[in-house]
Structure formats: C-alpha cells, structure tokens
Amino acid sequence: MATVSGLSHVVINVRDLDKMIGFYRDVMGLQITHQNGGMAFLTSDPKREDHEIGLFSGRKDDGGPLVHFCWRVPDVADVKAFYQKFVELGVPIDECVSYAYPWGQEGTASCYFRDPEGNQVEIQAMVPVDPEIPDRTSVLLDYDESVEDITAKAQRLKPAPLLSFGGRR
C-alpha cells in the first residue's frame, strides 16, 4: 500500500509578497530558491527540498490563503497507487500533471485532488529531467497508463498533452 513519505511544500496566496518573503527569510531563516514576478519559493535546506513554501501574490479579501499543500511519495508508482485509490473511493481529482522545473534537473509526477473539506492537495513524486531538454512546459499525465509511460512523459521523453490553465479536469 502506498503511503506518503513526508510533507513536501505548502503554497499560499499573500497580500504583500515582499513582507512575507522578508518574514520567512529573515525571521524564520528560510532561503529563497526561486523568485519570479509575483511568486517566491523558499526552503530551510535546498539540498533536501527545492521549496517548502511557495508564496503567490494576489490574495483577495474574500479568499483564504491556502492554494494547496503537497505530500511527497518515493516514486511514480506510488502516485499511481494513490490515483487508483482516489478513483475507487470517489475522491475528487482536479488534475494529473507534470511540471519540469525551469531551474533544475527535476520534474514532478503529480496528482491534485480534494480532501473531504474541499482543500486542494497534491501527491508528488520527483523525476529526473535532462537539463538540456528545452521543453519545460507543464503537461497532463494519465495515471491509467503504465508507470513507464507516465514516467517517460514526466521526464519529457514522450509527448504528452499540454496543461491548459483555463480549466480543470
């Protein structure tokens, strides 16, 4: 049975990005690993975890701060096992996707779903991505496929449909 190996990261919407970066950097001692426009990623140990918190600007008064939180699993087979369990139990699935981080040699194999109170949660396994592969777009994954095909698509070794940010599955 697949189990999570630990909490990977939390992503929150913030009202004042600079103030929040300052707090988590200067008060909590986190290091900025990536910052781009209206988002920043920070971690306590960049050798262990790329980011433990993501800060996204644009929080509105009518919305809560939580975007999602992410649990890590050891490999793609575990993400697939969770996906199958979610389908079996009727857990709402938002999307299954892979992000190839533009700043490194890793990408993800992820499944975003909703817990019983509607919070968005991610299950994620890391996959190696060749830094010379220029395609860093986000792609959809189909967890009804074999682990080998899912992994190859997450690594950008096989073509996969691009993620459309306009809607969810």
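Quick caveat: nothing in here was measured; it's all calculated off a predicted structure. (Residues numbered from 1 in each chain as written. Predicted model: local features only at pLDDT ≥ 70, side-chain atom pairs only at ≥ 80, totals over all residues. Heavy atoms only, no water.)

A. Spotlight on the side chain of T43. With respect to the helices and strands, T43 occurs in strand β3 (residues 39-43). There is a polar contact of 2.9 Å between the side chain of T43 and the backbone oxygen of E49. Leaving out residues up to four positions away in the same chain, T43 has contacts with L30, Q31, T33, E49, D50, H51 and E52. (Helix = DSSP H or I, 4+ residues; strand = E, 2+ residues; numbered from the N terminus. Polar contact = N/O pair within 3.5 Å; in protein donor to acceptor, adjacent residues only side chain to side chain. Contact = heavy atoms within 4.5 Å.)

B. View of a nonpolar patch on the surface. Where nonpolar side chains cluster on the molecular surface, the patch consists of F23, V27 and M28 and spans about 300 Å² of accessible area. Structurally, F23 can be placed in helix α1 (residues 17-27). On the accessibility criterion, F23 (37% relative accessible area) is partly exposed. (Patch = residues over 30% accessible without salt bridge, like charges linked within 9 Å, V, L, I, M, F, W, Y side chains within 5 Å. Areas by Shrake-Rupley, 256 points an atom, 1.4 Å probe, with all protein chains shown as cover. Salt bridge = Lys/Arg side-chain N within 4 Å of Asp/Glu carboxyl O. Buried < 20%, exposed > 50% of the residue type's maximum accessible area, 1.4 Å probe, protein only.)

C. How the structure looks around α1. Among all positions in α1, only L17, I21, G22 and Y24 are buried. Against β1 (6-14), β2 (31-36), β3 and β4 (53-57) lie the buried residues of α1. Where α1 begins, one side-chain oxygen reaches toward the backbone nitrogen of D18, 3.4 Å away; that side chain belongs to D16. Looking one or two residues beyond α1, the residue adopting positive phi is G29, at roughly 80°.

Any link to function would need more than the numbers given here.
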